[in-house]
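# Survey of secondary and tertiary structure
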Amino acid sequence: MDLKNVFLVMVLVCFLANAAAARELSSYSKPVGYNLAARLEASGGLVECWNALNELKSCTTEIVLFFVNGQADIGPDCCRAIEVITRNCWPAMLTSLGFSSEEGNILRGYCDASPGPAAGPLAG
């Protein structure tokens, strides 16, 4: 009879502990910065970053020729995309296209030095 009571008490304790843990978890407040949408919007805007990445994909040939042959024919749309990505988005976005961080810095330096129209939002 004692073994049966001990077992019953153990089951009851486990049940109460589980209920208390579930209650603590549901009342747990998320840390500041947990909201993914807010972080993405604060870091330059998700749409603007993806539009810039898409624009950069379309001018990859210009960028490759810039590094291989030294041809400085990177157009203003490409430079605008490079500026948006390197200044407003995540640095890893350029590496997703196969460019190193040093190459990203070189591209940004070239685009900063080249005359062109004022940077505005990319067409989507």
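Up top is the structure these notes are about.
Residues numbered from 1 in each chain as written. Predicted model: local features only at pLDDT ≥ 70, side-chain atom pairs only at ≥ 80, totals over all residues. Heavy atoms only, no water.

### Focus on helix 3 (residues 46-58)
Under the 1.5 Å per step criterion, the end-to-end length of helix 3 is 19 Å for 13 residues, consistent within 8% with the ideal 18 Å. Within helix 3 the residues assigned to the buried category are Cys-49, Ala-52, Leu-53 and Leu-56. Viewed along the axis of helix 3, the buried residues span an arc of 100 degrees, placing them on a single side of the element. More than 90 degrees from the buried face of helix 3, the exposed residues found are Val-47, Asn-54 and Ser-58. (Helix = DSSP H or I, 4+ residues; strand = E, 2+ residues; numbered from the N terminus. Expected span 1.5 Å × (residues − 1). Buried < 20%, exposed > 50% of the residue type's maximum accessible area, 1.4 Å probe, protein only. Arc of directions from axis to C-beta.)

### What to know about the state of the cysteines
Counted under the stated rule, the structure contains three disulfides. Disulfide pairing places Cys-49 opposite Cys-89 at an S-S distance of 2.0 Å. Here Cys-49 and Cys-89 share a disulfide; its torsion about the S-S bond, -105 degrees, makes the bridge left-handed. With Cys-49 in helix 3 and Cys-89 in the loop between helix 5 (76-88) and helix 6 (92-95), this pair connects stretches of sequence that are 40 residues apart. Residue pairing for Cys-59: its cysteine sulfur links by disulfide to Cys-78, the two sulfurs lying 1.7 Å apart. One end of the pair, Cys-59, is in the loop between helix 3 and helix 4 (60-69); the other, Cys-78, is in helix 5, with 19 residues separating them in the sequence. Overall, Cys-78 belongs to the buried group, its relative accessible area being 2%. Described in terms of the sequence order of its bonded cysteines, the disulfide pattern of the protein is 1-5, 2-3, 4-6. (Disulfide = S-S within 2.5 Å.)

### A word on the packing of helix 5 against helix 7 (residues 101-113)
Direction vectors running N to C along helix 5 and helix 7 enclose 125 degrees, while the axes themselves pass 9 Å from each other. Relative to helix 7, the element helix 5 lies oblique. The handedness of the crossing between helix 5 and helix 7 comes out as left-handed. Between helix 5 and helix 7, the residues in contact are Cys-79, Ile-82, Thr-86 and Arg-87 and Gly-104, Leu-107, Arg-108, Tyr-110, Cys-111 and Asp-112, respectively. Per-class residue counts for the contact of helix 5 with helix 7 are five nonpolar, two polar and three charged. (Axes fitted to C-alpha atoms, helices over the stretch in contact; angles between N-to-C directions. Parallel < 35°, antiparallel > 145°, perpendicular 65-115°, else oblique. Left-handed = near helix turned anticlockwise from the far one by under 90°. Contact = heavy atoms within 4.5 Å. Nonpolar A, V, L, I, M, F, W, Y, C, P; charged D, E, K, R; others polar.)

### What about the packing of aromatic side chains?
Inspection of every chain in the model, using the stated rule, returns two aromatic pairs. Measuring from ring centre to ring centre gives 5.2 Å for Phe-66 and Phe-67, while their planes differ by 75 degrees; the resulting arrangement is edge-to-face. Among the residues examined, Phe-67 registers a relative accessible area of 27% and is labelled partly exposed. On the numbers, 5.0 Å between centres and 50 degrees between planes, the contact of Phe-66 with Tyr-110 is tilted. Taken together, the positions of Phe-66 in helix 4 and Tyr-110 in helix 7 put the pair 44 residues apart, joining distant regions of the chain. Three or more aromatic residues joined by ring pairs form one cluster here, namely Phe-66, Phe-67 and Tyr-110. (Phe/Tyr/Trp six-rings, centres within 6.5 Å; stacked < 30°, edge-to-face > 60°.)

### Examining helix 7
Taking 1.5 Å per residue, 13 residues should reach 18 Å; helix 7 reaches 18 Å between its end C-alpha atoms and fits that length. Tucked into the core, helix 7 has its buried residues touching helix 4, helix 5 and helix 6.

### What about the packing of helix 3 against helix 5?
Their axes nearest at 8 Å, the elements helix 3 and helix 5 cross at an angle of 135 degrees. In terms of their interaxial angle, helix 3 and helix 5 are classed as oblique. Relative to helix 5, the crossing made by helix 3 is left-handed. Note on element contacts: helix 5 touches helix 3 through Asp-77, Cys-78, Ala-81, Ile-82, Val-84, Ile-85 and Asn-88, opposite Glu-48, Cys-49, Ala-52, Leu-53, Glu-55 and Leu-56. Considering only residue class, the contact of helix 3 with helix 5 consists of nine nonpolar, one polar and three charged.

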